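Each chain, letter by letter, is given below.
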Amino acid sequence: MTKKHLLLSTLLLFMAGWSTAYGEDGSQLWLRFNSVNTTAQVTGVKGTAMTELQTYWQGGPVVLKRQKGRARDGYTIKSQGGKTVIAAASDAGLLYGAYHLLRLQQTGEQCERLDISEVPFYDLRILNHWDNPNGTVERGFAGKSIFLNPTPERLKMYARANASVGINGTVLNNVNAKPEALSTASLEKTKAIADQLRPYGIRVYLSINFASPIKVGGLETADPLDKTVVGWWKKKVDEIYRLIPDFGGFLVKANSEGEPGPQDFGRTHADGANMLAGVLKPHKGIVMWRAFVYAPQSPDRANQASLEFMPLDGQFADNVIIQIKNGPVDFQPREPYSPLFTAMQKTQMMVEFQLTQEYLGAANHLVYLAPMWQEFFSFVKPGSLKAMAGVANIGDDTNWCGHHFAQANWYAFGRQAWNPALKPEQIADEWLKQTFSRHGKDNGQETAAANSQFSIFNSQLVKVMMDSREAAVNYMMPLGLHHIFAGTHHYGPEPWYSPKGVRADWTPPYYHRADSVGMGFDRTLTGSANVKQYPEALCRLYNDVNTCPENLLTWFHHVPWDHRMKSGRTFWDELCHKYDEGVHETRRFLAVWDAMQPVVDAERFAAVQRKLRIQVRDAEWWRDACLLYFQTFSHRPIPQDVEHPVHNLDEMMKFHIPIGMYENPESGYNK
Ligand code: GCV
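Residues numbered from 1 in each chain as written. Predicted model: local features only at pLDDT ≥ 70, side-chain atom pairs only at ≥ 80, totals over all residues. Heavy atoms only, no water.

Student: Tell me what's going on with the pattern of salt bridges, and back it up with residues and numbers.
Tutor: A side chain with one charge may pair with a side chain of the opposite charge, provided their charged atoms come close. Evaluation of the coordinates by the stated rule reveals 41 salt bridges. One salt bridge in this structure joins Glu-375 and Arg-469, with 2.8 Å as the shortest N-O distance. Of the two residues, Glu-375 sits in helix 11 (residues 370–377) while Arg-469 sits in helix 14 (residues 448–476), which places them 94 residues apart along the sequence. What makes Glu-375 partly exposed here is its relative accessible area of 24%. For Asp-601, the salt bridge identified is with Arg-604, shortest N-O distance 2.9 Å. (Salt bridge = Lys/Arg side-chain N within 4 Å of Asp/Glu carboxyl O. Helix = DSSP H or I, 4+ residues; strand = E, 2+ residues; numbered from the N terminus. Buried < 20%, exposed > 50% of the residue type's maximum accessible area, 1.4 Å probe, protein only.)

Student: Describe the packing of aromatic side chains, with residues and values.
Tutor: Counted under the stated rule, the structure contains 49 aromatic pairs. Ring geometry for Phe-210 against Trp-289: centres 5.9 Å apart, planes inclined by 85 degrees, an arrangement best described as edge-to-face. You can see Phe-210 sitting in the loop between strand 8 (203–208) and helix 6 (212–215) and its partner Trp-289 sitting in strand 10 (residues 286–290), a full 79 residues away along the chain. In terms of burial, Phe-210 and Trp-289 fall into one category: buried. Judged by centre distance (5.1 Å) and plane angle (75 degrees), the rings of Phe-341 and Phe-376 are edge-to-face. With Phe-341 in helix 10 (residues 340–343) and Phe-376 in helix 11, this pair connects stretches of sequence that are 35 residues apart. Three or more aromatic residues joined by ring pairs form one cluster here, namely Phe-405, Trp-431, Phe-436, Phe-454, Phe-457, Trp-593 and Phe-605. Directly above the ring of Tyr-294 sits Arg-301, whose terminal nitrogen or CZ lies 3.6 Å from the centroid. (Phe/Tyr/Trp six-rings, centres within 6.5 Å; stacked < 30°, edge-to-face > 60°. Lys NZ or Arg CZ within 6 Å of the ring centre and 35° of its normal.)

Student: Explain the side chain of Glu-550 residue by residue, including any values.
Tutor: Along the polypeptide, Glu-550 turns up in the loop between helix 16 (536–543) and helix 17 (553–556). Buried Glu-550, no salt bridge; nearest opposite-charge side chain is Lys-566, N-O distance 4.1 Å. Within the structure, Glu-550 has its side chain in polar contact with the backbone nitrogen of Lys-566 (distance 2.8 Å). When residues no more than four places from it in sequence are discounted, the contact partners of Glu-550 are Leu-479, Gly-480, Met-565, Lys-566 and Glu-574. (Lys, Arg positive; Asp, Glu negative; His and termini not counted. Polar contact = N/O pair within 3.5 Å; in protein donor to acceptor, adjacent residues only side chain to side chain. Contact = heavy atoms within 4.5 Å.)

Student: Please give an account of helix 2 (residues 48–56) that cites residues and values.
Tutor: Residues spaced three or four apart along an α-helix face the same direction, because each turn holds 3.6 residues. Every buried residue belonging to helix 2 is among Thr-48, Ala-49, Met-50, Glu-52, Leu-53 and Tyr-56, and all of these are buried. In this structure, the buried residues of helix 2 make contact with strand 1 (42–44), strand 2 (62–66), strand 4 (83–88), helix 3 (91–106) and helix 4 (152–164).

Student: Describe the site of the ligand, with residues and values.
Tutor: Glu-138, Lys-253, Arg-290, Lys-325 and Glu-358 are the nearest of the 15 residues found near the ligand. Taking Glu-257, its side chain carries an N or O atom lying 2.7 Å from an oxygen atom of the ligand. Glu-358 is positioned with one of its side-chain polar atoms (N or O) 2.5 Å from an oxygen atom of the ligand. Coverage of the ligand by the protein amounts to 97% of the 340 Å² it exposes when considered alone. A class-by-class count of the residues in the shell around the ligand yields four nonpolar, three polar and eight charged. (Near = heavy atom within 4 Å. Areas by Shrake-Rupley, 256 points an atom, 1.4 Å probe, with all protein chains shown as cover. Nonpolar A, V, L, I, M, F, W, Y, C, P; charged D, E, K, R; others polar.)

Student: Give me the nonpolar core: which residues, what numbers.
Tutor: Membership of the largest hydrophobic core comes to 215 residues, with the highest contact counts inside it found for Phe-250, Trp-289, Trp-410 and Phe-630. Among the elements that take part in this core, helix 19 (residues 602–634) stands out by supplying 14 residues, more than any other. Those residues in contact with Phe-630 that lie beyond four places of it in its chain are Leu-481, Ile-484, Pro-495, His-512, Ala-514, Met-519, Trp-561, Trp-572, Leu-575 and Tyr-579. (Core = buried A, V, L, I, M, F, W, Y, C linked by side-chain atoms within 4.5 Å.)

Student: With reference to specific residues and values, describe the sheet that holds strand 4.
Tutor: Taken together, five strands build an open sheet; the order of strands is 1-2-4-3-5 and the sheet is mixed. Lying at the two open borders of the sheet, with one neighbouring strand each, are strand 1 and strand 5 (115–118). Here the average twist between neighbouring strands, direction ignored, is 20 degrees. Note: strand 1 against strand 2, three bridges, orientation parallel. Counted as the bridge partner of Val-42 is Val-62 from strand 2. Helix 2 rests against strand 1, strand 2 and strand 4 of the sheet, and its axis sits at about 160 degrees to strand 1. (Pairing = 2+ DSSP bridges. Axes fitted to C-alpha atoms, helices over the stretch in contact; angles between N-to-C directions.)

Student: Any details on the sheet that holds strand 12 (residues 349–354)? Residues and values, ideally.
Tutor: The strand order around the closed barrel formed by eight strands is 6-7-8-9-10-11-12-13, and the pairing between neighbours is parallel. Strand-to-strand, the axes of this sheet are offset by a mean angle of 25 degrees, without reference to chain direction. In the sheet, strand 6 (residues 124–128) pairs with strand 13 (residues 387–391) via five bridges, with the strands oriented parallel. Each bridged residue has a counterpart across the sheet, and for Ile-126 the counterpart in strand 13 is Ala-389. Sheet strands in contact with helix 8 (residues 269–280) are strand 8, strand 9 (249–252), strand 10 and strand 11 (320–325), and its direction is about 160 degrees off that of strand 10.

Next up, the structure:
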């Protein structure tokens, strides 16, 4: 054995020892603090900030100071005379400051010469849980609801995780709300949860069923202009505030996908929202009224929200915020932004992102979403919005999110809601450091070799995370394709799904419109005219097939198969290349991860590796299913330099995953 080999094997042996020496199950999320060697002297304002620092801070003395005149949740952290002083106007501000300091400790930053001043960009930074009273979670891929039978430890961890990234509100139940959410028994449970979240600066909100006055109250109508109905809501809201004095308010999905709403009584969204806003106002509560509406008769689903909401612009009360999904259809891998964001000028708006990967490989695929949200903010000015909401990806799985890397989306959501200008790379970097590195674990006694290995891990994994969204777009729906998912779940490809009797806008052919000429939805001025909902300059850009960004081409155009792309390829050839690129990217992700085995603890290494292998197989499945199916329209060969399908179309068309909207598939295409 040469000297070099000897050195290398010693290093590997050392690292192998490291990787198996401690087990990690993801339950501690990014808060893997070491409380063993804490020496912290923390003085000043008592409360959760003090407790957290006393338990986990390993540096010099810290003073917590209340300082009037600061923005509510803002704080400063300054090194002064050998002490670190955290000052804020509120307990929440102090807590955010404390977590900032702990983050610096965990990421290995210097903590001696600090001069930090932070104010959150949005006052409202809210998670939306789609949790049902029976414990299922709609589009939840990480087990059952954490609110079903919450243990105090689990709820505390949830609260700490949220507060550590600045999340200050949570809607506890599904927007497809069961009326019983407002029953007294259920409100008692909500109160118990609110009491446990309050010390962490988190307010609770509820989704309501608009027909509650009928279904819970026994009234004959839920007409928002009916006095008895208003009286019922007033009494109910008073009851809620007696139990939960800092209750945040209601989230409402109305007249959407079969949910009841004011239109059932000949009233408008504004009538419904303003009635609820009126009864919440004396308690300082708010209404988040969703704009996710579409109708089977609509010739273009993407047009619907603007058609319903634009005539109401300016009619909403000042404690109503219209909550709009980032895109006009439904959390697709790539959508243009919802045109309502730039069209509505006199209405308060907030964006709804989806952390749970309903359309992005559930809890099996590694897809880091911060780049997608950054893309959204490159079109919609953060300052034009009041708040940010994220549909949670949290369940009772040990690692909370089903996939270790899905935790990064929870983390990133909080960080971006605090500051939408933060770079996704930076967020990924700090999340990786806190989640995987051993900083703090050994009280700073890591070896130089281990540190340098970890810095390679970090830079390689930041890149994987940053590339992961585009890869998913490519292997699922490149060049503007959308909603070509399986009919009964949204996991795998079924661009052919179109059974008799199913409404057209619930079938992929409505969206891809493949035929012998080409493929894509014509939303130009001569098509559905959806482009007209965008500002003039974008309308022009999107309307012309030669200027439309290629990543949105089939979103706005029915593109001829031989249309010449910027690469010089035909549209068909480009489509084949994009799908193939997506597959190759997933293989690269797996190879990067495989090489990291010495640096990652054994438990999480194996879990992520298993998921990445599924992702590779699924990417091949997506590519083969889509290319072979679309080829039946294009009648063109798959280019020589593209890897040819390894699956058969007829077999893929017969393959079904027997899952509903409450489960993560054990594995993907496993033929
Ligand atoms: C909560 C999509 C999802 C539904 C979800 C709905 C919504 O349609 O598939 O599960 O329902 O969006 O956001 O209201």
